[in-house]
Amino acid sequence: MNSLTLPDHRRIALDRDGYLRSLEDWNEEVAEKLAAAAAVQLTPAHWEVITVLRTFYHTHELSPAMRPLVKLVARELGPDKGRSIYLMKLFPGNPALLASKIAGLPRPTNCF
């Protein structure tokens, strides 16, 4: 998938791994499309994590890998949500990769 097509027929460019080529293209509609492509239906719990990720990125210009993501979510949303199992339920597979992709952020550099 090299692009997303929005309902208004705008095309959003993606890289070969499905991440946005331009971070400025991100909005909630784009997030919904990226999530749907990954078979994820966004809930308020997803949006909490996405918001934490985007805030962290805008401060540090870094997408956290899994361990730092768990610690970040624990600090920002509480210890009950800052657990790998919680994040894996929301973002199956590799939560750091999938959450960053849906949040419109670059691929975490130390994730495989």
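Notes on the structure in this doc start here. The structure presented is a predicted model; accordingly, all values stated were derived computationally and were not measured.

Things to note about the overall build of the protein chain
Right, so step 1: Scanning the protein chain from terminus to terminus reveals five helices and two strands.
Right, so step 2: Helices (α) and strands (β) of the protein chain occur, in sequence order from the N terminus, as β-β-α-α-α-α-α.
Right, so step 3: Whereas a compact globule of 112 residues would reach a radius of gyration of roughly 13 Å, the protein chain reaches 13 Å, a difference of no more than 12%.
Right, so step 4: By principal-axis analysis of the C-alpha atoms, the protein chain measures approximately 40 × 25 × 25 Å.
Right, so step 5: Per-residue burial over the protein chain gives 46% buried out of 112 residues.
Right, so step 6: A separation of at least 24 residues holds for 49% of the contacts in the protein chain among residues at least 6 apart in sequence.
Right, so step 7: Put simply, the protein chain shows about 6,400 Å² of open surface, and 53% of that area lies on carbon and sulfur atoms.
Right, so step 8: With 14 positive and 12 negative side-chain charges, the protein chain shows a separation of 8 Å between the mean positions of the two kinds.

Thoughts on the packing of aromatic side chains
Right, so step 1: Evaluation of the coordinates by the stated rule reveals one aromatic pair.
Right, so step 2: Residues Trp26 and Trp47 carry aromatic rings whose centres are separated by 6.5 Å and whose planes lie at 65° to one another, so their mutual orientation is edge-to-face. Remark: Trp47 occurs in helix 2 (residues 44-60) and Trp26 occurs in the loop between strand 2 (11-13) and helix 1 (28-37); sequence separation between them is 21 residues. Across this residue pair, the class does not change: Trp26 and Trp47 are buried.
Right, so step 3: Between Arg54 and the ring centre of Trp26, over which it is positioned, the NZ or CZ distance is 3.7 Å.
Right, so step 4: The ring of Tyr19 has Lys101 sitting right over it, with the charged end atom 5.1 Å from the ring centre.

Structural notes on the pattern of salt bridges
Right, so step 1: Counting across every chain of the model gives five salt bridges.
Right, so step 2: In this structure, the salt-bridge partner of Asp8 is Arg10, at a minimum N-O distance of 3.0 Å.
Right, so step 3: Judged by relative accessible area, which is 45%, Asp8 ranks as partly exposed.
Right, so step 4: On the basis of relative accessibility, which here comes to 37%, the residue Arg10 falls in the partly exposed class.
Right, so step 5: Linking Arg75 and Glu76 is a salt bridge whose minimum nitrogen-to-oxygen distance equals 3.3 Å.
Right, so step 6: The exposed category is assigned to Arg75, whose relative accessible area is 60%.
Right, so step 7: One network of salt bridges, in which partners are shared, links Arg16, Asp17 and Arg107.

Procedures and definitions
Residues numbered from 1 in each chain as written. Predicted model: local features only at pLDDT ≥ 70, side-chain atom pairs only at ≥ 80, totals over all residues. Heavy atoms only, no water. Helix = DSSP H or I, 4+ residues; strand = E, 2+ residues; numbered from the N terminus. Rg over C-alpha atoms; globule rule 2.2 N^0.38 Å. Buried < 20%, exposed > 50% of the residue type's maximum accessible area, 1.4 Å probe, protein only. Contact = heavy atoms within 4.5 Å. Areas by Shrake-Rupley, 256 points an atom, 1.4 Å probe, with all protein chains shown as cover. Lys, Arg positive; Asp, Glu negative; His and termini not counted. Charge placed at Lys NZ, Arg CZ, Asp CG, Glu CD. Phe/Tyr/Trp six-rings, centres within 6.5 Å; stacked < 30°, edge-to-face > 60°. Lys NZ or Arg CZ within 6 Å of the ring centre and 35° of its normal. Salt bridge = Lys/Arg side-chain N within 4 Å of Asp/Glu carboxyl O.

Function cannot be inferred from these measures alone, as they are strictly geometric.
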